[in-house]
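Structural overview
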Amino acid sequence: TLPRKIPVRIEPKTFFANERTFLAWLHMSVTLGGISSALTVFADNDSKEGAGIQVMSLLMTLVAAMFILHASHSFFVRRQSIRQREDAGLDQIVFPIVIGCTLVLSLLGVLITNLSEADDAPPHNSPLLSLP
């Protein structure tokens with residue numbers, strides 16, 4: 001391709017869109033971190049299932065950290081290319097798919113761990129479930 005001879009006009013909404021995307025990724029990472037913290041707090045420390053839930057919580061924390069790293073890297077690369085008014089490849093294909101697959105696998109791990117814990121739990125003797 002030939003280099004541009006006409007200067008590119010950058011509108012302010014381009015910078016705001018970059019920041020908005022960055023904040024959306026950070027919002028998702030904070031949500032994942034909150035879920036991870038809740039799993040850690042409510043996990044039973046004395047059982048095998050509790051240890052499994054804590055491992056899944058650690059995995060979700062790592063996924064949240066991956067979200068933050070990806071968001072920061074994308075934000076700074078895009079900001080630099082916008083400031084230099086160059087047409088860089090700003091669409092990313094591989095890394096968001098990897099993060100998404102890791103997130104799905106960690107959520108499936110949490111689900112499987114919780115289902116295995118529910119199978120081992122004794123039945124509840126709730127007065128609402130017993131009929132007179």
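Residues numbered from 1 in each chain as written. Predicted model: local features only at pLDDT ≥ 70, side-chain atom pairs only at ≥ 80, totals over all residues. Heavy atoms only, no water.

1. Notes on the packing of aromatic side chains
The condition that has to hold: The aromatic pairing rule takes the rings of Phe, Tyr and Trp, using the six-membered ring of Trp, and pairs them if the centres are within 6.5 Å, calling planes under 30 degrees apart stacked, those over 60 edge-to-face and the rest tilted. Exposure categories follow from relative accessible area, calculated using a 1.4 Å probe and restricted to protein chains: below 20% of the type maximum is buried, above 50% is exposed, and the middle band is partly exposed.
As enumerated under the stated definition, the model contains three aromatic pairs in all. Summarising the aromatic geometry, the rings of Phe75 and Phe76 are spaced 5.3 Å apart at their centres and angled 70° between planes, so their arrangement reads as edge-to-face. With a relative accessible area of 12%, Phe75 lands in the buried category. Each residue in the set Phe22, Phe75 and Phe76 is aromatic and connected to the rest through ring pairs, giving one cluster.

2. Details of the nonpolar core
Put simply, the rule reads: Working definition of a nonpolar core: buried Ala, Val, Leu, Ile, Met, Phe, Trp, Tyr and Cys residues. They are joined through side-chain atoms within 4.5 Å. The numbering of helices and of strands both runs from the N terminus, where a helix is a DSSP run of H or I of at least 4 residues and a strand a run of E of at least 2. Every residue pair with non-hydrogen atoms within 4.5 Å of one another is taken to be in contact.
Formed by Leu32, Leu39, Ala43, Ile53, Met56, Met60, Val63, Ala64, Phe67, Ile99, Leu103 and Val110, the largest nonpolar core amounts to 12 residues. Mapped onto this core, the elements with two or more residues apiece are helix 1 (12-42), helix 2 (48-83) and helix 3 (94-120). When residues in this core are grouped by element, the largest group, six residues, is from helix 2. In contact with Ala43, other than residues within four places in its own chain, are Gly50, Ile53 and Gln54.

3. Concerning a nonpolar patch on the surface
Defined as follows: Each patch is built from salt-bridge-free residues with over 30% relative accessible area, joining like charges within 9 Å and nonpolar side chains (Val, Leu, Ile, Met, Phe, Trp, Tyr) within 5 Å. Here the accessible surface of atoms and residues is derived via Shrake-Rupley with a 1.4 Å probe, and residues count as covered only by protein chains that are part of the display. Salt bridge, as used here: a side-chain nitrogen of Lys or Arg that lies within 4 Å of a carboxyl oxygen of Asp or Glu.
Nonpolar side chains collect at one region of the surface, where Val104, Leu105, Leu108, Leu111, Ile112 and Leu115 lie side by side and expose about 590 Å² of accessible area between them. Position of Val104 relative to the elements: it lies in helix 3. We classify Val104 as partly exposed; its relative accessible area is 47%.

4. Remarks on the side chain of Ser74
For Ser74, the location among the structural elements is in helix 2. Setting aside anything within four residues of it in sequence, one finds Ser74 in contact with Asn18 and Gln92.

5. Let's talk about the environment of Ser72
Within the element layout of this structure, Ser72 appears in helix 2. Taking the C-alpha atoms as reference, Ser72 lies 7.1 Å from Phe22; in sequence the two are 50 residues apart.

6. Examining helix 2
The condition is simple: Expected span of a helix, by definition, is 1.5 Å for each gap between consecutive residues, and there is one gap fewer than residues.
When the terminal C-alpha atoms of helix 2 are compared, their 53 Å separation across 36 residues agrees well with the 52 Å that a helix rising 1.5 Å per residue should span. In the segment just after helix 2, Arg85 is the residue with positive phi, at about 55°.

7. Examining the confidence of the model for the protein chain
Note the threshold: Confidence scores here are pLDDT values: one per residue, from the predictor, ranging 0 to 100.
Model confidence for the protein chain is summarised by a mean pLDDT of 80, while 79% of its residues fall at 70 or above. For the protein chain, per-element mean pLDDT is lowest for helix 3, which scores 81, and highest for helix 1, which scores 90.

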